[in-house]
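The primary structure of each chain is shown beneath.
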Amino acid sequence: MSDHIATDLLPSATPVRYLAEDGTTVDGPAGYTLPSVEELRDAHRRMVVGRRFDAQSTALTKQGRLAVYPSSRGQEACQIAAAMVLREDDWLFPTYRDSMAMVSRGMDPVEVLTLLRGDAHCGYDPNAARVAPQCTPLSTQTLHATGLAYALRRNGTDSAVLALIGDGATSEGDFHEALNFAAVFEAPVVFLVQNNKYAISVPLDKQSAAPSLAYKGVGYGVRSEQVDGNDPVAMLAVLHKAFEHARAGAPFLIEAHTYRIEAHTNADDATRYRDSAEVDRWLDADPLARLEKHLRGIGALTDEDVAEAQAEGERLAADLRSRMNADPHLDPMALFDHVYARPTTQLVEQRDLLATELKAQEG
Ligand SMILES: Cc1ncc(C[n+]2csc(CCOP(=O)(O)OP(=O)(O)O)c2C)c(N)n1
């Protein structure tokens, strides 16, 4: 590889940023198209609604209505930008932490939460939503996303794929295989690493010595960028560019520097591995407050706009509460559906065993 090509692939030396924490604009790098004011107003509304959804989902765990919820509070700029850059015919490959992006893509929140509620299946039709099942095994979705992107290209469409992944999951072999395959076979896929600084309790410096997780793409020939993940303007600008590249047959890797404000899930005690001063520092970098200050500063957001967005969030939360309050009907036999196209002998035996046991219980 010549020096010239390697330079083209490299991320900028510091994360791309256009908004300071106080909402004023800063000089970011050239070469990006910045989102319009209308797009930013839309992002603000979606972030307000997304944060309300997140808070409601956390509350549902406390009421025993949700088995587990991995909050993405603090990561709203990443989640909302991810939903906004996708066309309807594009695909999203989310992880367990990306419910907010899915809801912002227009999916029914109850369906999005089905898996986290404890049902055996993902809760929605991935083909209809063009959203893959939320992935719990780390990094397997990156390979699925790459394979699907390759298939889309071979089918002659210009649809693209967005794979969301955490910082810890970039240590998995699947991630590296996905980057390699995507680059060699020119798959239209964008990998967005939300570096929220922890893999449960493992901090980033115990996970990787890479100067930026974006560097992990360069060795495979994947163009890479790092971005301030709490700056909605920068997130939209970089993701739009990444999708342009992907549609042209060149995969793209983004590292978004952000922070998980809440614990890993409701089952985790984050005070065991990080101090509150660190969390407070990141609260000062809040992406929603930053965008709100910016939009108000340029006269593009009023008290009424904010109240309207909040009212939309309250409506979503109330609807979610009431529908999640109903006991779901689960058919234990459905466990065996969709495991294999043609069930194995063992699966048939297990199904028969369960059917016999259920019958005995009834009788
Ligand atoms: C293959 C695999 N190994 C281990 C786990 C257990 N596990 C679940 S979440 C997690 C940490 C992931 O951290 P990161 O990738 O940074 O994502 P985040 O949860 O911070 O969004 C681990 C190790 C898993 N789900 N899958």
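All figures in this text were calculated on a predicted structure; none of them were measured in a lab. (Residues numbered from 1 in each chain as written. Predicted model: local features only at pLDDT ≥ 70, side-chain atom pairs only at ≥ 80, totals over all residues. Heavy atoms only, no water.)

Broken down by element type, the protein carries 15 helices and seven strands. The principal-axis extent of the C-alpha atoms belonging to the protein is close to 75 × 50 × 40 Å. A total of 363 residues make up the protein; the buried ones form 48% of that total. Put simply, 75% of the contacts in the protein that link residues at least 6 apart link residues at least 24 apart. As displayed, the protein offers around 16,800 Å² of accessible surface, 52% of which is attributable to carbon and sulfur atoms. For the protein, the separation between the mean place of its 35 positive charges and that of its 53 negative charges on side chains is 1 Å. (Helix = DSSP H or I, 4+ residues; strand = E, 2+ residues; numbered from the N terminus. Buried < 20%, exposed > 50% of the residue type's maximum accessible area, 1.4 Å probe, protein only. Contact = heavy atoms within 4.5 Å. Areas by Shrake-Rupley, 256 points an atom, 1.4 Å probe, with all protein chains shown as cover. Lys, Arg positive; Asp, Glu negative; His and termini not counted. Charge placed at Lys NZ, Arg CZ, Asp CG, Glu CD.)

With that settled, the discussion passes to a nonpolar patch on the surface. A cluster of nonpolar side chains, namely Phe181, Val184 and Phe185, defines an oily patch on the protein surface of about 250 Å² accessible area. Here Phe181 lies in helix H9 (residues 173-184). A relative accessible area of 32% places Phe181 in the partly exposed class. (Patch = residues over 30% accessible without salt bridge, like charges linked within 9 Å, V, L, I, M, F, W, Y side chains within 5 Å. Salt bridge = Lys/Arg side-chain N within 4 Å of Asp/Glu carboxyl O.)

With that settled, the discussion passes to the site of the ligand. As a matter of local geometry, the ligand sits amid 15 residues, with Tyr96, Arg97, Gly168, Ala169 and Tyr198 nearest to it. Leu138 places a polar main-chain atom, nitrogen or oxygen, 3.1 Å from a nitrogen atom of the ligand. Note that an oxygen atom of the ligand is positioned 3.2 Å from one of the side-chain N or O atoms of Asp167. Contact with the protein chains hides 71% of the accessible area of the ligand, taken as 580 Å² for the molecule alone. Considered class by class, the residues forming the shell around the ligand number seven nonpolar, five polar and three charged. (Near = heavy atom within 4 Å. Polar contact = N/O pair within 3.5 Å; in protein donor to acceptor, adjacent residues only side chain to side chain. Nonpolar A, V, L, I, M, F, W, Y, C, P; charged D, E, K, R; others polar.)

Our next topic: the domain arrangement of the protein. Split into domains, the protein comes out as domain 1 (3-330) and domain 2 (331-362). The centre of domain 1, based on its C-alpha atoms, is set 37 Å off from the matching centre of domain 2. Of the roughly 310 Å² buried between domain 1 and domain 2, counting both surfaces, carbon and sulfur atoms make up 60%. Summed over the shared surface of domain 1 and domain 2, the number is zero salt bridges. At the boundary of domain 1 and domain 2, one finds one residue pair in polar contact (both at pLDDT 80 or more). (Domains from an automatic or database assignment. Buried area = accessible area lost by both parts, 1.4 Å probe.)

Along its 26 residues, helix H2 (residues 37-62) runs 38 Å from first to last C-alpha, staying within 8% of the 38 Å computed at 1.5 Å per residue. Immediately beyond the C-terminal end of H2, within one or two residues, lies Gly64, with a positive phi of roughly 75°. (Expected span 1.5 Å × (residues − 1).)

Looking now at the UniProt feature "domain: Dehydrogenase E1 component" (unreviewed entry) in the protein. The UniProt record annotates "domain: Dehydrogenase E1 component" (unreviewed entry) at residues 45-314. A helix fraction of 46% and a strand fraction of 12% characterise residues 45-314, whose end C-alpha atoms lie 12 Å from each other. (UniProt positions renumbered as here; feature names shortened; annotations may be inferred.)

We now examine the packing of H2 against helix H14 (residues 303-324). Running from N to C, H2 and H14 point in directions that differ by 30°, and their axes come no closer than 9 Å. In this view, H2 runs roughly parallel relative to H14, as classed from their interaxial angle. Of the two elements, H2 crosses H14, and the hand of that crossing is right-handed. Residues Arg41, His44, Arg45, Val48, Val49, Arg52, Phe53, Gln56, Ser57 and Leu60 of H2 form the contact with H14, whose own contacting residues are Asp305, Val306, Ala309, Gln310, Glu312, Gly313, Glu314, Leu316, Ala317, Leu320, Arg321 and Met324. Class assignment for the residues of the contact of H2 with H14 results in ten nonpolar, five polar and seven charged. (Axes fitted to C-alpha atoms, helices over the stretch in contact; angles between N-to-C directions. Parallel < 35°, antiparallel > 145°, perpendicular 65-115°, else oblique. Left-handed = near helix turned anticlockwise from the far one by under 90°.)

Attention now goes to the packing of aromatic side chains. Applying the stated criterion to the full structure yields nine aromatic pairs. Judged by centre distance (5.4 Å) and plane angle (55°), the ring pair of Tyr198 and Tyr273 falls under tilted. Residue Tyr198 is located in strand S4 (residues 198-199), and its partner Tyr273 is located in the loop between strand S7 (252-257) and helix H12 (276-283); the two are separated by 75 residues in the primary sequence. The two residues Tyr198 and Tyr273 agree in class, both being buried. Ring-pair connections join several aromatic residues into one group, and the members of that group are Tyr198, Tyr259, Tyr273 and Trp282. Its end group placed over the ring of Tyr32, Lys241 keeps NZ or CZ at 4.7 Å from the ring centre. (Phe/Tyr/Trp six-rings, centres within 6.5 Å; stacked < 30°, edge-to-face > 60°. Lys NZ or Arg CZ within 6 Å of the ring centre and 35° of its normal.)

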